[in-house]
Amino acid sequence: MCGIFGCILKNGEAAPTIHGALKRLEYRGYDSVGTATLHKNKLFIKKDNGKIDEVHALHDLDNLPGRIGVGHTRWATHGAPYQENAHPHTDCENQIAAVHNGIIENFAELKMELEERGHVFRSKTDTEIIPHFIEEEMKEGLTLVEALRETVKQLDGSYAIAVVSVKEPDKIVCVRKESPLVVGIADNDVYCASDIPAFLPMTNRYVIVQDGEIVVLNDEGYEIWNILDWKQVTRNPEIVDWSPKMAEKQGYPHFMLKEINEQPLSLRNTLRLQDQYLDLMTTFLDRAGEVFLVACGTSYHACLAASYMFSKLALLATHPVIASEFVEQHGKSVNIDSTLLVVSQSGETADTLATVDGAKLRAATVLALTNVVGSTLTRVARVYICQQSGPEVGVAATKTFTSQLSVLSQLALRLAKMRGKISHVEIENLEEKLEQIPDIVEKNIQTQKEKVKQLAKKYRDKQCFFFLGRGISSAVALEGKLKLMEIAYAPSLAYPAGESKHGPISLIEPGFPVIFICPKDDTHKTIVGNIMEMKARGASIIVVIEKGDEELKSLADEYIEIETGLPEVLSPIPFVIPLQLFAYYMAIERKCDPDMPRNLAKSVTVR
Ligand code: AGP
């Protein structure tokens, strides 16, 4: 997720306005930043990797001439955060500058096409193909807006793009598909941005650009065109009544709730990973003598779930290990035949990085899954995949967890295919279900919110909670427990439901809340027995079930229905959503700050 911004000012210099806007968009990405302005038919560009303040201190982002310009604050997905990968990107003649938020899935083949036509690329990004495509189209005599329209017809993926050109120095053209884009309208000036906070100090009048629409900003204001039928669209401005702080959270009260609701988008982006990286990592896994899945916290829960995926789909036994225990538990056994798939959202967790160092000293192969391109983990791993979730501001991992599960399930599926362990029919079915997950998650978030909010109110004063699941759902139980503990400070226990009678059940008293995660999979029939054991001792039974599971509804005191129709290996993604929401609303009920829970940090960089 990145932040784009553009402005046309009646008077004054655009650069300081762009700088201020990018600062307000910094929560959308902060590993590189850049600005391009138009002045006397020339482009002026400053860009570099680093946080906005760092780049400004080095280059003075306010000092660029011209009243028209675009800017970008980056969260790298393609190409590490180096200066040449920072936006804006330009064409061969430095006459066109483009900024982009999103993921262009087919950029590799389009880039080759352009290179064959003589275009020279300076970056590793997917974005850079945009100005070169526009250059081609304008050479054919198209106007800037026509050229952008023809360009996006070639693009697969998601984008919000803003472009300026010295050939039409009085306008900005912008376009969107899936990535957000809004236009801000002030008395004399007009803006385009990824999000309202960018221009909120200047105006609260805005227009949302819809998918498939292209916008021309000029001194008269804005024109919206439909890309398909090329008809102009009339859309009057609306007024936003958010405070700037609220606006950063897109109107949500907390980043955590915003990020829970962002999961459909982040999951769509996670389905847009480049095949070559997934295939390369799959090949390493296929050749491994033994595979360890290593992480901390929520990322460890993703590894635990992945161990079921690799086993059930690819018949590969993997060993999920908590990073801080890895050396004690396996340090001596790691060797050249060992492969570690290390998972870390931040890519900076000290316990996880220490494991990597130790394993590499013993000649093991280290693969990595992270959300931060340019993080330490990406530099020490032999191969890494960036999960493309965008920045996660809330301390509690939510959207990055479901993205990790999506990537790990894609790897397990590719490995199964590579090893011929499951039929083509099964593979096609699983691939189809994977594509459905973002919509399934979107639907479940909307339908569950109110019910979960009521449950948090009902159980607000309980002193301890159990989270139980069997099979792959035991990983979901652990994640639900961690969420509730870390942001609502509610003591909780989680373990495989079959373990109840081996001790923990002694804690059960009448009214003790026990949350069961019960997808309709092979464990469904056995978990009924565990529910009955708890029920017999007076526990308050809360079940997270597939929609229409009348048997478990009849046994429970409360239930949350999940509409999925997903195979068990993909069930953790929708089934964790109500547990994320439960933890969030419980934190609100208990007057805790969900975004900044006490004693915790977003990235634990100490051992
Ligand atoms: C999850 O909600 C916590 N913030 C924490 O457990 C986190 O998952 C853990 O510290 C690992 O972080 P990483 O994924 O950045 O390595």
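Coordinates for the structure precede this section.
Given the structure is predicted, the values throughout are model-derived calculations rather than measurements.

Enquirer: Before we go on, may I ask you to explain the overall build of the protein chain in this structure?
Expert: Looking only at helices and strands, the protein chain features 19 helices and 25 strands. Compactness check: the protein chain gives a C-alpha radius of gyration of 25 Å against a globular reference of 25 Å for 607 residues, within 12% of the reference. Here the protein chain holds 607 residues, and the buried ones make up 62% of them. Expressed as a percentage of contacts within the protein chain between residues at least 6 apart in sequence, the contacts between residues at least 24 apart total 70%.

Enquirer: Just checking my understanding: could you explain the pattern of salt bridges for this structure?
Expert: Two side chains with opposite charge may pair up if their charged atoms get near one another. A full pass over the atoms with the stated rule returns 33 salt bridges. Ionic pairing is found between Asp195 and Arg28, a salt bridge with its closest N-O pair at 3.9 Å. Of this pair, Asp195 sits in the loop between strand E10 (190-193) and strand E11 (205-208) while Arg28 is found in the loop between helix H1 (14-24) and strand E2 (32-39), placing the two residues 167 residues apart along the sequence. One exposure class covers both Asp195 and Arg28, and it is buried. Within this structure, Lys457, Arg460, Asp461 and Glu589 form a network of salt bridges that share partners.

Enquirer: Help me understand the sheet that holds strand E19 (residues 365-370), please; the structure alone is not making it clear to me.
Expert: Strands pair in a sheet through their backbones, by hydrogen bonds, and they do so in one of two ways: parallel or antiparallel. Judged by pairing direction, the sheet is parallel, and its five strands sit side by side in the order E17-E16-E18-E19-E20 without closing on themselves. The open sheet terminates on both sides in strands that have one partner only, identified here as strand E17 (318-322) and strand E20 (383-386). The sheet shows a mean angle of 20 degrees between the axes of neighbouring strands, taken without regard to direction. The pairing of strand E16 (residues 290-295) with E17 spans five bridges and is classified as parallel. Paired with Val294 across the bridge in E17 is Val321. Contacts between helix H12 (residues 350-361) and the sheet are confined to E16, strand E18 (338-344) and E19, with E18 contributing the most and set at about 165 degrees to the helix.

Enquirer: It is not clear to me how helix H15 (residues 424-458) should be interpreted in this structure. Could you clarify?
Expert: Each α-helix winds once per 3.6 residues, and so residues spaced three or four apart point in a common direction. When the terminal C-alpha atoms of H15 are compared, their 47 Å separation across 35 residues agrees well with the 51 Å that a helix rising 1.5 Å per residue should span. Along its length, H15 reaches its greatest deviation from straightness, about 45 degrees, at Gln448.

Enquirer: What's the story with the pairing of strand E25 (residues 558-562) in this structure? I'm lost.
Expert: One face of the sheet, then the other: side chains in a regular strand alternate in exactly this way. In E25, alternate side chains face the same way, and those of Glu558, Ile560 and Ile562 are buried while those of Tyr559 and Glu561 on the opposite face are not. Bridge count for strand E24 (residues 540-546) against E25 is five bridges, and the pairing is parallel. What sits directly across from Ile545, in E25, is Glu561. Once the chain exits E24 it traverses helix H18 (residues 550-555) before rejoining the sheet at E25, and the crossover so formed is right-handed.

Enquirer: Quick question: what am I supposed to make of the nonpolar core here?
Expert: One recurring pattern in soluble globular proteins: nonpolar side chains tend to sit buried together. Judged by nonpolar contacts, the single largest core of 87 residues is most densely connected at Phe310, Leu411, Phe465, Leu484 and Phe582. Looking at this core, the element that brings in the most residues is helix H19 (residues 572-589), giving twelve residues. In this structure, Ala98, Ile104, Leu110 and Val216 belong to the second largest nonpolar core, which totals 26 residues.

Enquirer: Where do I start with the site of the ligand in this structure?
Expert: Of all residues adjacent to the ligand, which total 15 residues, the nearest are Ser299, Ser344, Ser346, Thr349 and Glu486. In the model, an oxygen atom of the ligand is placed 2.8 Å from a nitrogen or oxygen of the Gln345 main chain. Ala397 is positioned such that a nitrogen or oxygen atom in its backbone is 2.8 Å from an oxygen atom of the ligand. Considered on its own, the ligand offers 410 Å² of accessible surface; in the complex 91% of this is hidden by protein. Breaking the shell around the ligand down by element, the ones donating at least two residues are helix H10 (297-314) and helix H16 (473-488). Looking at the shell around the ligand residue by residue, the class counts come to six nonpolar, seven polar and two charged.

Enquirer: Is there a simple way to explain the side chain of Ser179 in this structure?
Expert: Secondary-structure assignment places Ser179 in the loop between strand E8 (172-177) and strand E9 (182-185). A distance of 3.0 Å separates the side chain of Ser179 from the backbone oxygen of Asn101, its partner in a polar contact. Excluding its chain neighbours within four sequence positions, the residues that come into contact with Ser179 are Asn101, Gly102, Ser158, Tyr159 and Ala160.

Enquirer: Would you explain the packing of H16 against H19 in this entry?
Expert: Packed helix pairs are characterised by how far apart their axes lie and by the angle those axes make with each other. The geometry of H16 relative to H19 is characterised by a closest axis approach of 9 Å and an angle of 20 degrees between their N-to-C directions. By the angle between their directions, the pair H16 and H19 is classed as roughly parallel. Considering how the two elements wind past one another, H16 and H19 form a crossing that is right-handed. Of H19, the residues touching H16 (which contributes Val476, Glu479, Gly480, Lys483, Leu484, Ile487 and Ala488) are Pro572, Phe575, Val576, Leu579, Phe582, Ala583, Tyr584, Met586 and Ala587.

Enquirer: Help me understand the packing of helix H14 (residues 399-419) against H15, please; the structure alone is not making it clear to me.
Expert: At a closest axis distance of 11 Å, the pairing of H14 and H15 adopts a crossing angle of 165 degrees. If you check the angle between H14 and H15, you find them roughly antiparallel. When the axes of H14 and H15 are compared, the crossing they make is left-handed. Taking contact as the criterion, the partners of Ser406, Ser409, Gln410, Leu413 and Lys417 in H14 are, on H15, Ile427, Leu430, Glu431 and Leu434. Residues that form the contact of H14 with H15 fall into these classes: four nonpolar, three polar and two charged.

Enquirer: Can you walk me through the sheet that holds strand E12 (residues 213-218) in this structure?
Expert: In spatial order, the strands read E5-E6-E7-E8-E12-E13-E14; together these seven strands make up an open sheet with antiparallel pairing. Of all the strands in the sheet, just strand E5 (89-90) and strand E14 (232-233) have a single pairing partner and so form its edges. Two elements, strand E7 (residues 157-165) and E8, share five bridges in a ladder whose sense is antiparallel. Paired with Tyr159 across the two strands is Lys177, which belongs to E8. In this fold helix H4 (residues 129-139) packs onto E5, strand E6 (96-104) and E7, with an angle of close to 125 degrees to the strand it touches most, E6.

Enquirer: Which parts of the structure should I look at to understand H16?
Expert: Between its terminal C-alpha atoms H16 stretches 22 Å, which fits the 22 Å expected from 16 residues at 1.5 Å a residue. For H16, the tally of buried residues reaches 15 of 16 residues, placing the bulk of the element in the interior.

Enquirer: Where do I start with the environment of Thr447 in this structure?
Expert: Counting through the fold element by element, Thr447 comes out in helix H15. What makes Thr447 exposed here is its relative accessible area of 52%. Separated by 114 residues in sequence, Thr447 and Glu561 place their C-alpha atoms 8.9 Å apart. A polar contact is formed between the side chain of Thr447 and the backbone oxygen of Asn444, at a distance of 3.2 Å.

Enquirer: Sorry if this is basic, but what is going on with the state of the cysteines here?
Expert: Here, the word disulfide means a covalent bond between the sulfur atoms of two cysteines. In the structure shown here, the tally under the stated rule is zero disulfides. Cys296 takes part in no disulfide bond, and the closest cysteine sulfur to it belongs to Cys303, at a distance of 9.4 Å.

What counts as what
- Residues numbered from 1 in each chain as written.
- Predicted model: local features only at pLDDT ≥ 70, side-chain atom pairs only at ≥ 80, totals over all residues.
- Heavy atoms only, no water.
- Helix = DSSP H or I, 4+ residues; strand = E, 2+ residues; numbered from the N terminus.
- Rg over C-alpha atoms; globule rule 2.2 N^0.38 Å.
- Buried < 20%, exposed > 50% of the residue type's maximum accessible area, 1.4 Å probe, protein only.
- Contact = heavy atoms within 4.5 Å.
- Salt bridge = Lys/Arg side-chain N within 4 Å of Asp/Glu carboxyl O.
- Pairing = 2+ DSSP bridges.
- Axes fitted to C-alpha atoms, helices over the stretch in contact; angles between N-to-C directions.
- Expected span 1.5 Å × (residues − 1).
- Bend = angle between axes of the 7 residues up to and from the residue.
- Right-handed = clockwise from strand over helix to strand, strands pointing away.
- Core = buried A, V, L, I, M, F, W, Y, C linked by side-chain atoms within 4.5 Å.
- Near = heavy atom within 4 Å.
- Polar contact = N/O pair within 3.5 Å; in protein donor to acceptor, adjacent residues only side chain to side chain.
- Areas by Shrake-Rupley, 256 points an atom, 1.4 Å probe, with all protein chains shown as cover.
- Nonpolar A, V, L, I, M, F, W, Y, C, P; charged D, E, K, R; others polar.
- Parallel < 35°, antiparallel > 145°, perpendicular 65-115°, else oblique.
- Left-handed = near helix turned anticlockwise from the far one by under 90°.
- Disulfide = S-S within 2.5 Å.

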